[in-house]
Amino acid sequence: MPINVPGILVPLHLLINPRLIVPSLVVKGPSIKDIRQLDFPELYRAGYRGAVFDKDNCLTLPHQDRLVPELTEAWKECRQTFGEGNVLIVSNTAGSHLDAGDIQAESVTYHLSAPVLRHPSFKPSYACIASIRAYFGSLPTPVRDDELVIVGDRILTDVVLANRMARRNKPQEIAPPNGEKMTDVRKAGPLTVLTEDVWRRESTVLRWMEKGMLRGVERWVLPAHELSARQELRRFVRDLPVSEVSEKREGLWQKLWRTLRKP
Ligand SMILES: [Mg+2]
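Being a predicted model, the structure only gives us computed values, none of them experimental.

1. Points about the sheet that holds strand β3 (residues 148–152)
On the basis of which strands lie adjacent, the open sheet formed by four strands has the order β2-β1-β3-β8 and parallel pairing. A single partner strand is all that each edge strand has here, and the edge strands are β2 (87–89) and β8 (191–194). With strand direction ignored, the average angle separating the axes of adjacent strands in the sheet is 15 degrees. Pairing geometry for β3 and β8, over four bridges, is parallel. Counted as the bridge partner of V151 is V193 from β8.

Rendered as structure tokens:
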């Protein structure tokens, strides 16, 4: 298994900046199960002009090149909304230095009808960020970092990559509802979206640790007014169809019980 050195070094960066692992759509606030919950036309109306997607367990099953069938309509709507060249797949498998001859990248581009970034170093490295910027900067209408939506299913790669692209705004005085004046130090950068459902289990322990870290940072580091300000992002989140929600909430034992009770 290849070693993701930039990923291994992330915990050191977290000691300095723990907010790096917090997506824009946070677990305590509006959360996303999969990309069907993203309202792409609303994101476009809000000024977002491009999107970056992780591949494995976000669009496809791990190490496969075809779109998960349930995502067909959402994926089509996304590409139609932002335009063909403005939706980019950035994967630590397809298009990375492990993808000899770009064979997997070509296959994914063919099946998903979207370009796959060729990049020299794994997410969340700064070299990978430079490749993303170079791609969107070279479009006929260049797309800035803060006009991007970055979507992935892993905190220590996808979310950290997106948050590393953010730049600090000039601190602004804000007055939350309790009247106490505070300084808003939020950064300007991509909208970071963490998809929480996995299509096939992998790296279960790592995911569990990542979620634990995120819950800790949300609880101990993020001020309450920042979490409540993120509620405004709910307008970008759609509900999943009711049938999907009940199916997903049903555990293994409930499924077994339902099957056994069938006449
Ligand atoms: Mg993934």
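Text resumes after the structure shown.
2. A closer look at the confidence of the model for the chain
Across the chain, pLDDT averages 85, with 81% of residues at or above 70. For residues 182–186, every residue scores under 50 in pLDDT, and the model assigns this stretch twelve contacts once sequence neighbours within four places are set aside.

3. Remarks on the environment of Q231
One can find Q231 in the loop between α9 (224–229) and α10 (242–249). In this structure Q231 comes out as exposed when scored by C-beta crowding, with 12 C-beta atoms within 10 Å. Put simply, Q231 and L25 are 206 residues apart on the chain and 8.4 Å apart in space, counted from C-alpha to C-alpha.

4. Focus on the pairing of β3
Most of β3 sits inside the fold, with five of its five residues counted as buried. Here β3 shows a buried face lined by L148, I150 and G152 and a second buried face lined by V149 and V151. Where strand β1 (residues 50–53) meets β3, four bridges bridge the pair, whose relative direction is parallel. In the strand pairing of β3, F53 is matched with V151.

5. A few points about the nonpolar core
Ranked by internal contacts, the top residues of the largest apolar core, which has 51 residues, are A51, V52, V149, V151 and V193. With six residues, the top contributor of residues to this core is helix α7 (residues 155–164). When near neighbours in sequence (up to four residues on either side) are disregarded, V151 contacts I35, A51, V52, F53, D54, C58, V193 and T195.

6. Quick notes on the pairing of β1
Burial of the side chains of β1 extends over both faces: G50 and V52 are buried on one face and A51 and F53 on the other. Sheet topology places β1 next to β2; three bridges connect them, and they run parallel. When the sheet's bridge partners are listed, V52 is paired in β2 with L88.

7. Considering helix α4 (residues 72–82)
Residues of α4 that are buried: W75, C78, T81 and F82. Looking down the long axis of α4, one finds its buried residues gathered within 130 degrees of arc, a one-sided arrangement. Those residues of α4 that are exposed and aimed more than 90 degrees away from the buried face are T72, E73 and Q80. Phi turns positive one or two residues past the end of α4, at G83, with a value near 95 degrees.

Analysis parameters
Residues numbered from 1 in each chain as written. Predicted model: local features only at pLDDT ≥ 70, side-chain atom pairs only at ≥ 80, totals over all residues. Pairing = 2+ DSSP bridges. Helix = DSSP H or I, 4+ residues; strand = E, 2+ residues; numbered from the N terminus. Axes fitted to C-alpha atoms, helices over the stretch in contact; angles between N-to-C directions. pLDDT = per-residue confidence, 0-100. Contact = placed C-beta atoms within 7 Å. Buried ≥ 20, exposed ≤ 12 C-beta atoms within 10 Å, placed from the backbone. Core = buried A, V, L, I, M, F, W, Y, C linked by C-beta atoms within 7 Å. Arc of directions from axis to C-beta.

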